[in-house]
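Coordinates in review
The chain contents come next:
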Amino acid sequence: MPGGKLKEVRTRIQSVTSTQQITKAMKMVSAAKLRRAQDAITQMRPYSGKLTEMLNNIIVGNEGALEIDFAKKREVKSVLIILITSDKGLCGGFNTNLIKVARTLVKDKYKDLAKQGKVEIMTIGNKGYGYFKREPYPVNKDFLGLFSNLTFENVSKAADYAMEGFISGKYDSVEFVYSKFKNAATQVFTNEQFLPIPKVETPAAAKSKKVPDFIFEPGKKEIVEYLVPKILKTQLYKAILDNNASEHGARMTAMDKASDNANELLRDLKISYNRARQAAITTELTEIVSGAAALEGN
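The following refers to the structure shown. (Residues numbered from 1 in each chain as written. Predicted model: local features only at pLDDT ≥ 70, side-chain atom pairs only at ≥ 80, totals over all residues. Heavy atoms only, no water.)

The next point concerns the overall build of the chain. Summing up its helical and strand segments, the chain has seven helices and five strands in all. The linear arrangement of helices and strands in the chain, starting from the amino end, is α-β-α-α-β-α-β-α-β-β-α-α. Within the span of the chain, comprising 298 residues, buried residues form 42% of the whole. Residue pairs at least 24 apart in sequence account for 77% of intrachain contacts in the chain once pairs closer than 6 positions are excluded. For the chain, the accessible area works out to roughly 16900 Å², and carbon and sulfur atoms hold 53% of it. (Helix = DSSP H or I, 4+ residues; strand = E, 2+ residues; numbered from the N terminus. Buried < 20%, exposed > 50% of the residue type's maximum accessible area, 1.4 Å probe, protein only. Contact = heavy atoms within 4.5 Å. Areas by Shrake-Rupley, 256 points an atom, 1.4 Å probe, with all protein chains shown as cover.)

Side chains of Ile-281, Leu-285 and Ile-288 sit close together on the surface and give an oily, nonpolar patch of about 290 Å² of accessible area. Here Ile-281 is to be found in helix 7 (residues 220-297). (Patch = residues over 30% accessible without salt bridge, like charges linked within 9 Å, V, L, I, M, F, W, Y side chains within 5 Å. Salt bridge = Lys/Arg side-chain N within 4 Å of Asp/Glu carboxyl O.)

What follows covers the pairing of strand 2 (residues 119-124). In terms of burial, strand 2 is largely enclosed, as six of its six residues are buried. Neither face of strand 2 is exposed, since Val-119, Ile-121 and Thr-123 on one face and Glu-120, Met-122 and Ile-124 on the opposite face are all buried. Pairing geometry for strand 1 (residues 79-84) and strand 2, over six bridges, is parallel. By the bridge assignment for strand 2, Ile-81 is matched with Ile-121. Note that strand 2 and strand 3 (residues 139-140) share two bridges and pair parallel. Bridge assignment links Ile-121 to a residue of strand 3, and that residue is Val-139. (Pairing = 2+ DSSP bridges.)

Another aspect to go through is the side chain of Asn-243. Here Asn-243 is to be found in helix 7. Separated by 3.5 Å, the side chain of Asn-243 and the backbone oxygen of Thr-85 make a polar contact. Within the local environment of Asn-243, its side chain forms a polar contact with the backbone nitrogen of Ser-179, the two atoms lying 2.9 Å apart. Those residues in contact with Asn-243, other than ones at most four positions away along the chain, are Ile-84, Thr-85, Phe-94, Leu-98, Phe-147, Tyr-178 and Ser-179. (Polar contact = N/O pair within 3.5 Å; in protein donor to acceptor, adjacent residues only side chain to side chain.)

Function cannot be read off these values alone, since they describe shape.
As structure tokens, this is what we get:
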């Protein structure tokens, strides 16, 4: 191998080493962010679960005595899909899988409506917007910056947009696509119905076949009108926290694998460099010996 090739291999080794330092640093940063995000979703889940159970009990036990606007089902003529992705990349196939779920939802469930331009995509996260802005669907980008200041108040604005659109009749169905956090290496990419509120019996109610009976103070109508929007906002907030934790877990895993791949590449490059260097030294020694033998012959 000529000297130029040896220099090229040395440059590649330096480049891979620098890249590995970056991937290790990003892994450490993602691990720190993951701990905070995991704590947030772990603390949120029991609260969100209890509120959702309460909402289901109200819907199941209502028996038409009180109409709940957010639970009214009607013919689906327009749809809003809330797609939750990340703002940044370098997290493996995380965003690709979320976009795939959204595309499948549109093409399989709302194919005819999509052709009529009746499917709107609300993108929370730059990666989702970057993809769907090239697609022939109406895209709402008003809530792209949520992850820069992830608070319940800011998420409530996105939920208000969806709820007001449903009540006004702009949307007949609202669904959101997100990733459920399981652990750092496992994410569950899924979609759930947001509006109208799905009627789901709790396991205990389904087993006992008893209708939940509540005493409402000051009144059932006032309580439901105040409580239901709060619960819906909490559900969306929980989904975004889930997605946030999943993103950091995916990025940490991706950076860990990238560091391992860099190790393997460095090993191969160093072996190639040492072999080439030894071959170059052997060639030089052979040339010296041949030259000395030629001089002695003269």
